[in-house]
Amino acid sequence: MRNAQCVIEKFLFVAVLILTMSLMPRTFAFTINGAEIEAIAMEAVEQALAERGETRRHEIFFTNRSPDLKLPEGVVDIKTNLPAPISYISLTPVRAIVFVNGRAMRTVSLTANVKVYDSVLVANHDLRIEIPVSAADFRTAEVAIDGRNEFIKDIAEIEGLVPHRFIRGGSPVTKGYFQQPVAVNTGQRVNIILNVRGVKVSAKGIIMSRGRIGALVKVKNETSEKILTARVIDAHTVEVTM
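None of the values given here were measured: they were computed from a predicted structure.

> Can you explain the sheet that holds strand β11 (residues 189-196)? Please cite residues and give values.
Spatially, 5 strands are ordered β11-β12-β14-β15-β16 in a closed barrel, and the strand pairing comes out mixed. Taken pair by pair, the neighbouring strands of this sheet meet at an average axis angle of 50°, ignoring direction. Direction of pairing for strand β12 (residues 199-207) relative to strand β14 (residues 216-221): antiparallel, over a ladder of 3 bridges. Pairing of isoleucine 207 across the sheet is with valine 219, part of β14.

Structure follows, in structure tokens:
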């Protein structure tokens with residue numbers, strides 16, 4: 001009977017000891033600073049930018065902070081990944097996974113705000129629709145780009161074109177904002193170049209619908225009075241290919 005009581009007492013002692021230890025604060029071998037994790041995540045973003053060939057000036061900010069992590073004793077390794085491509089206009093998620101002795105212990109989720117800058121043409125003033133532009137309408141300035149549009153750097157790309165939308169002063173511009181000016185108008189007399197199987201002849205015609213350089217318009221041959229579809233070459237010439 002005495003032995004049985006001793007066994008019970010030992011069991012209760014061990015149970016109380018285990019319960020007490022489980023309630024005690026866990027001890028850790030060391031703490032890894034959140035700034036260290038952010039530095040590793042920053043390096044991962046820089047590497048991703050380099051891999052996509054980005055050499056322009058850029059800035060990287062994290063919108064949230066990494067906490068300090070208490071880790072058990074062992075070999076620590078931190079691996080990072082970017083679940084989505086880097087965005088220049090929205091936040092980019094970055095994950096830092098902390099391993100101890102090869103076992104994943106913690107995951108820190110950060111969001112990076114990536115700003116990339118380039119020197120491009122910026123409108124000096126408001127640019128109106130259909131008004132031809134020239135070098136005097138622009139200046140070169142460094143702006144944050146969005147990664148989707150190819151902003152213009154050389155005025156030669158758009159000189160003589162006209163905006164097809166209102167452009168506010170101070171805005172960077174892309175070629176997609178511009179188009180050829182109207183070259184021919186309804187009722188205008190033009191030269192028609194008839195390209196018949198490589199043989200070119202000319203005729204006089206009257207434009208039936210206005211059009212821009214490169215666009216297709218209707219033109220009436222003054223001699224035959226036939227209505228033809230022609231491509232606008234310049235303000236005085238259209239071409240019909242047969």
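After that view, the rundown keeps rolling.
> Describe the environment of proline 163, with residues and values.
With respect to the element layout, proline 163 can be found in strand β8 (residues 162-163). Linking proline 163 and glutamine 179, residues 16 residues apart in sequence, is a C-alpha distance of 6.3 Å. Beyond its immediate sequence surroundings of up to four residues, proline 163 is in contact with Leu127, Arg128, Ile129, Glu130, Ile131, Val133, Tyr177 and Phe178.

> Break down the side chain of glutamate 54 for me, citing the residues and quoting the values.
Among the structural elements, glutamate 54 can be located in the loop between α2 (34-51) and β2 (58-62). For glutamate 54, a relative accessible area of 11% puts it in the buried group. In terms of polar contacts, glutamate 54 uses its side chain to reach the side chain of arginine 56, at 2.8 Å. Reaching out from glutamate 54, the side chain makes a polar contact with the side chain of tyrosine 88 at a distance of 2.6 Å. In this structure, glutamate 54 is in contact with Leu49, Tyr88 and Val116, ignoring residues within four places of it in sequence.

> Got a sec to walk through α2? Specific residues and values, please.
Between the first and last C-alpha of α2 there are 26 Å, a value that for 18 residues agrees with the 26 Å anticipated at 1.5 Å per step. Three or more residues of α2 are buried, namely Gly34, Ile37, Glu38, Ala41, Ala44, Val45 and Leu49. Seen from one end, α2 has its buried residues packed into an arc of 140°, which puts them on one side. In α2, those exposed residues whose orientation departs by more than 90 degrees from the buried face are Glu43, Ala50 and Glu51. Its buried side turned inward, α2 meets β1 (30-32), β2, β3 (69-71), β4 (76-81), β5 (92-100) and β6 (103-123). Two or three places before alanine 35, at the start of α2, stands the capping residue asparagine 33, its side-chain oxygen 2.7 Å from that residue's backbone nitrogen. Of the residues trailing α2, glycine 53 is marked for its positive phi of about 80°.

> Run through the packing of aromatic side chains, naming residues and quoting values.
Summed over all chains, the structure comprises 1 aromatic pair. Between the aromatic rings of phenylalanine 138 and phenylalanine 178, the centroid separation amounts to 6.4 Å while the plane-to-plane angle is 65°, which identifies the pairing as edge-to-face. Separated by 40 residues along the polypeptide, phenylalanine 138 in strand β7 (residues 138-144) and phenylalanine 178 in strand β9 (residues 178-179) bring together distant segments of the chain. Comparing phenylalanine 138 with phenylalanine 178 shows no difference in burial state: the two are buried. Taking the ring centre of tyrosine 117 as reference, the NZ or CZ of arginine 57 above it sits at 4.2 Å. Lying over the aromatic face of phenylalanine 99, lysine 79 brings its terminal NZ or CZ to 5.3 Å of the ring centre.

> Could you give me a rundown of unusual backbone geometry, with the residues and numbers involved?
One non-glycine residue with positive phi stands out, namely asparagine 101, at about 55°. Mapped onto the secondary structure, asparagine 101 falls in the loop between β5 and β6. For glutamate 130, which is not a glycine, the phi torsion comes out positive at approximately 70°. Relative accessible area serves as the criterion here: at 30%, glutamate 130 is assigned to the partly exposed category.

Rules and cut-offs
- Residues numbered from 1 in each chain as written.
- Predicted model: local features only at pLDDT ≥ 70, side-chain atom pairs only at ≥ 80, totals over all residues.
- Heavy atoms only, no water.
- Pairing = 2+ DSSP bridges.
- Helix = DSSP H or I, 4+ residues; strand = E, 2+ residues; numbered from the N terminus.
- Axes fitted to C-alpha atoms, helices over the stretch in contact; angles between N-to-C directions.
- Contact = heavy atoms within 4.5 Å.
- Buried < 20%, exposed > 50% of the residue type's maximum accessible area, 1.4 Å probe, protein only.
- Polar contact = N/O pair within 3.5 Å; in protein donor to acceptor, adjacent residues only side chain to side chain.
- Expected span 1.5 Å × (residues − 1).
- Arc of directions from axis to C-beta.
- Phe/Tyr/Trp six-rings, centres within 6.5 Å; stacked < 30°, edge-to-face > 60°.
- Lys NZ or Arg CZ within 6 Å of the ring centre and 35° of its normal.

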